[in-house]
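A structural walkthrough
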Amino acid sequence: MEIRAIARRTAIAAAVVTVLVLAAPYAILAGSGASDQLAAYYASGTVGGAGIVLFALVSAVVVGSVEQGNLDPGTLVGAAVMLGVATTASAVFWALAIEPSPLFRENLWLVWHARAVVAASVPVPVAAAVYAREVVS
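A brief report on the enclosed structure follows.

Rules used in this analysis
- Residues numbered from 1 in each chain as written.
- Predicted model: local features only at pLDDT ≥ 70, side-chain atom pairs only at ≥ 80, totals over all residues.
- Heavy atoms only, no water.
- Salt bridge = Lys/Arg side-chain N within 4 Å of Asp/Glu carboxyl O.
- Helix = DSSP H or I, 4+ residues; strand = E, 2+ residues; numbered from the N terminus.
- Buried < 20%, exposed > 50% of the residue type's maximum accessible area, 1.4 Å probe, protein only.
- Phe/Tyr/Trp six-rings, centres within 6.5 Å; stacked < 30°, edge-to-face > 60°.
- Expected span 1.5 Å × (residues − 1).
- Arc of directions from axis to C-beta.
- Contact = heavy atoms within 4.5 Å.
- Core = buried A, V, L, I, M, F, W, Y, C linked by side-chain atoms within 4.5 Å.

1. Points about the pattern of salt bridges
- Taken as a whole, this structure holds two salt bridges when the rule is applied.
- We note a salt bridge from Arg4 to Glu67, for which the minimum N-O separation is 3.1 Å. In this pair, Arg4 is assigned in helix H1 (residues 3-29) and Glu67 in the loop between helix H3 (48-65) and helix H4 (73-97), connecting sequence segments 63 residues apart.
- Note on Glu67: relative accessible area 38%, which makes it partly exposed.
- Between Glu134 and Arg133 there is a salt bridge, and its shortest N-O distance comes to 3.1 Å.
- The partly exposed category is assigned to Arg133, whose relative accessible area is 49%.

What follows is the structure, encoded as structure tokens:
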């Protein structure tokens, strides 16, 4: 299989996985009565969880649309790389801004959740950069 197709699929899959990993606490704890703490958890950081989701999904759409031929592929892959970097950077800033709450005492796995979101977001800019190199060259 060629590197271009693998990098494209990896970037899209990593963006979707980032959103799914980010949404896990909401899906698991939504009915537990900790909605205020969960809202504060997702609102931490400069752009919060919603910003991470936005950057991740837009980067998946941009990477997916490169092969459609509607715009210059070089421009789109450049935007995809920058959106991937924005996804990972916003995930890092979000993870650094989270303050422990009583929610963490009851759900110890949340201590590692923000790091898992960052780890899931790292392949987005890496795969987008590999894809950009293959498209441009």
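Let us keep going from here.
2. Things to note about the packing of aromatic side chains
- On inspection of all chains with the given rule, the structure shows three aromatic pairs.
- Judged by centre distance (5.3 Å) and plane angle (70°), the rings of Tyr41 and Trp94 are edge-to-face. With Tyr41 in helix H2 (residues 35-43) and Trp94 in helix H4, the pair connects residues that are 53 residues apart, well separated along the chain.
- By relative accessible area, which is 4% here, Tyr41 ends up buried.

3. Observations regarding helix H6 (residues 110-121)
- With twelve residues, H6 extends 17 Å between its outermost C-alpha atoms, agreeing within 8% with the 16 Å of an ideal straight helix rising 1.5 Å per residue.
- Within the span of H6, buried status applies to Leu110, His113, Ala114, Val117, Val118, Ala120 and Ser121. Take H6 and look down its axis: the buried residues cluster within an arc of 165°, on one side only. In this structure, H6 carries Trp112 and Ala119 as exposed residues pointing more than 90 degrees from its buried face.
- Packing partners of the buried residues in H6 comprise H1, H2, H4, helix H5 (102-106) and helix H7 (123-136).

4. Some thoughts on the nonpolar core
- Ranked by internal contacts, the top residues of the largest apolar core, which has 16 residues, are Leu22, Tyr41, Tyr42, Trp94, Ile98, Leu103 and Leu110.
- Elements with a contribution of two residues or more to this core: H1, H2, H4, H5 and H6.
- Excluding residues within four positions of it along the chain, Tyr42 makes contact with Leu22, Ala23, Ala24, Pro25, Tyr26, Gly48, Gly49 and Trp94.
- Counting 15 residues, the second largest nonpolar core, distinct from the first, contains Ala11, Val62, Val63 and Ala80.

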